[in-house]
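Coordinate inspection notes
So you can see what is in the structure, the chains are spelled out below.
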Amino acid sequence: MDGDIVVVDNFSIGIHFPSYFFYIDKHIWSNEKAIKRGDILVFRHPLDRRLYIKRCVALPNDKIFQKNKNFYLQIDSNSTKTFEYAKKYELDLVKVNDSYWIKNPYMKFYPVVHDKRVVGPQMLLDYPLTKIPPHSYFFMGDFRDNSTDSRFFGPVPYDYIYYKVRFIFQPARDLASLGLIKHFNFNNSPTHFQRY
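Below or above, wherever it landed, is the structure these notes cover. (Residues numbered from 1 in each chain as written. Predicted model: local features only at pLDDT ≥ 70, side-chain atom pairs only at ≥ 80, totals over all residues. Heavy atoms only, no water.)

1. Some points on the sheet that holds strand E10 (residues 127–131)
Spatially, E8-E9-E7-E6-E10 is the arrangement adopted by the 5 strands of the open sheet, whose pairing is antiparallel. Of all the strands in the sheet, the pair left with one neighbour each is strand E8 (93–96) and E10. This sheet shows a mean twist of 30 degrees between the axes of neighbouring strands, independent of strand direction. Sheet analysis places strand E6 (residues 63–67) next to strand E7 (residues 70–74), joined by 5 bridges and oriented antiparallel. Bridge pairing links Phe65 to Tyr72 in E7. Packed on one face of the sheet, helix H1 (residues 79–89) meets E7, E8 and strand E9 (99–103) and runs near 40 degrees to E9. (Pairing = 2+ DSSP bridges. Helix = DSSP H or I, 4+ residues; strand = E, 2+ residues; numbered from the N terminus. Axes fitted to C-alpha atoms, helices over the stretch in contact; angles between N-to-C directions. Contact = heavy atoms within 4.5 Å.)

Written out as structure tokens, the structure reads:
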């Protein structure tokens, strides 16, 4: 949220070219395998070149989809691996078309928030079945219904990922301040999103 202080590192997931007033989408040293599901990472938005902070919810070769705001994850596009992963971490497992999926895996461990007032745009409610391409990652905000994330612009290439978030310091906020947070309104948005 605005006003939070975020501490990041430029080492654990690869050393990126420094970003001061411009961005070079390249790593000096790569360590792509260090990115884990659930990591909060800083990446360059593929369309408007700003840096975003979001949670990595799917790795290369994972499959995902979203239905009625419920997020479904299949580990490495493999039903058996998904079953074992869900059992190991006691996650909600469902069967869809004869294969296993983990339903809302991040809600058990992280403060994922939904807002019942949000009924669109459509990509915040439903997202089509997608296999994450090699060297790309799928990101979602923890404030799911008020987040511009991979549901709008697709998986993010590894070279666009800059930093791993280590700490987030949040100032105390009163109820009135939290109530003033603006919510996304598709009809009044000055930005038009393109999905590819």
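2. Some words on the pairing of E7
Burial analysis of E7 places 4 of its 5 residues in the buried class, which makes it a mostly covered element. Here E6 hands over to E7 after 2 residues, with Asn68 in that stretch at a positive phi of 50 degrees. Bridging between E7 and E9 involves 2 bridges; their strand directions are antiparallel. Bridging across to E9, Leu73 finds its partner in Ile102. (Buried < 20%, exposed > 50% of the residue type's maximum accessible area, 1.4 Å probe, protein only.)

3. Describing the side chain of Ser150
In this fold, Ser150 is placed in helix H3 (residues 150–153). With residues near it in sequence (within four places) discarded, Ser150 still touches Tyr127, Tyr137, Phe138, Phe139, Pro155 and Val156.

4. Comments concerning the sheet that holds strand E1 (residues 5–9)
An order of E1-E13-E4-E5-E11-E12 is seen for the 6 strands of this open sheet, with the pairing classed as antiparallel. Looking at which strands have only one partner, the edges of the open sheet turn out to be E1 and strand E12 (156–157). Inspection of the sheet shows strand E11 (residues 136–140) paired to E12 by 2 bridges, in the antiparallel sense. Looking at the pairing, Ser136 lines up with Pro157 of E12.

5. Comments concerning the pairing of strand E4 (residues 40–44)
The element E4 is extensively covered by neighbouring structure, given that 4 of its 5 residues are classed as buried. As defined by bridge partners, E4 adjoins strand E5 (residues 51–58) across 5 bridges and the pair is classed as antiparallel. Its bridge partner being in E5, Ile40 is matched across the sheet by Arg55. In textbook terms, the turn of a hairpin is the stretch between consecutive antiparallel strands, and for E4 and E5 this stretch comprises 6 residues, one of which, Arg49, has a positive phi near 65 degrees. In the sheet, E4 pairs with strand E13 (residues 161–169) via 3 bridges, with the strands oriented antiparallel. For Val42, the partnering residue across the bridge sits in E13 and is Tyr163.

6. A look at the nonpolar core
A general feature of soluble globular proteins is that nonpolar side chains tend to end up buried together. Counting residues in hydrophobic clusters, the biggest one holds 18 residues, and the most contacted among them are Ile35, Leu41, Phe43, Cys56, Tyr137, Phe139 and Ile161. Listed by contribution, the elements that provide at least two residues to this core are E4, E5, helix H2 (122–125), E11 and H3. In this view, Cys56 contacts Ile35, Lys36, Arg37, Gly38, Asp39, Leu41, Tyr106, Tyr137, Phe138 and Phe139; residues no more than four positions away in its chain are not counted. Counting residues in hydrophobic clusters, the runner-up holds 15 residues, among them Val57, Ile64, Phe71 and Ile102. (Core = buried A, V, L, I, M, F, W, Y, C linked by side-chain atoms within 4.5 Å.)

7. Things to note about the packing of aromatic side chains
This structure, assessed with the given rule, holds 13 aromatic pairs. Look at Phe65 and Tyr72: their rings are 4.5 Å apart centre to centre, the planes differ by 10 degrees, and that puts the pair in the stacked class. The two residues Phe65 and Tyr72 agree in class, both being buried. Here the aromatic residues Phe43, Tyr52, Phe139 and Phe153 are joined through ring pairs into a cluster of three or more. (Phe/Tyr/Trp six-rings, centres within 6.5 Å; stacked < 30°, edge-to-face > 60°.)

8. What to know about the pattern of salt bridges
Per the counting criterion, the structure on display carries 10 salt bridges. The residue Asp48 makes a salt bridge to Arg50 at a minimum N-O spacing of 2.8 Å. Across the pair Asp142 and Arg55 runs a salt bridge, and its minimum N-O distance is 2.7 Å. Residue Asp142 is found in the loop between E11 and H3, and its partner Arg55 is found in strand E5; the two are separated by 87 residues along the sequence. For the pair Asp142 and Arg55, one class covers both residues: buried. (Salt bridge = Lys/Arg side-chain N within 4 Å of Asp/Glu carboxyl O.)

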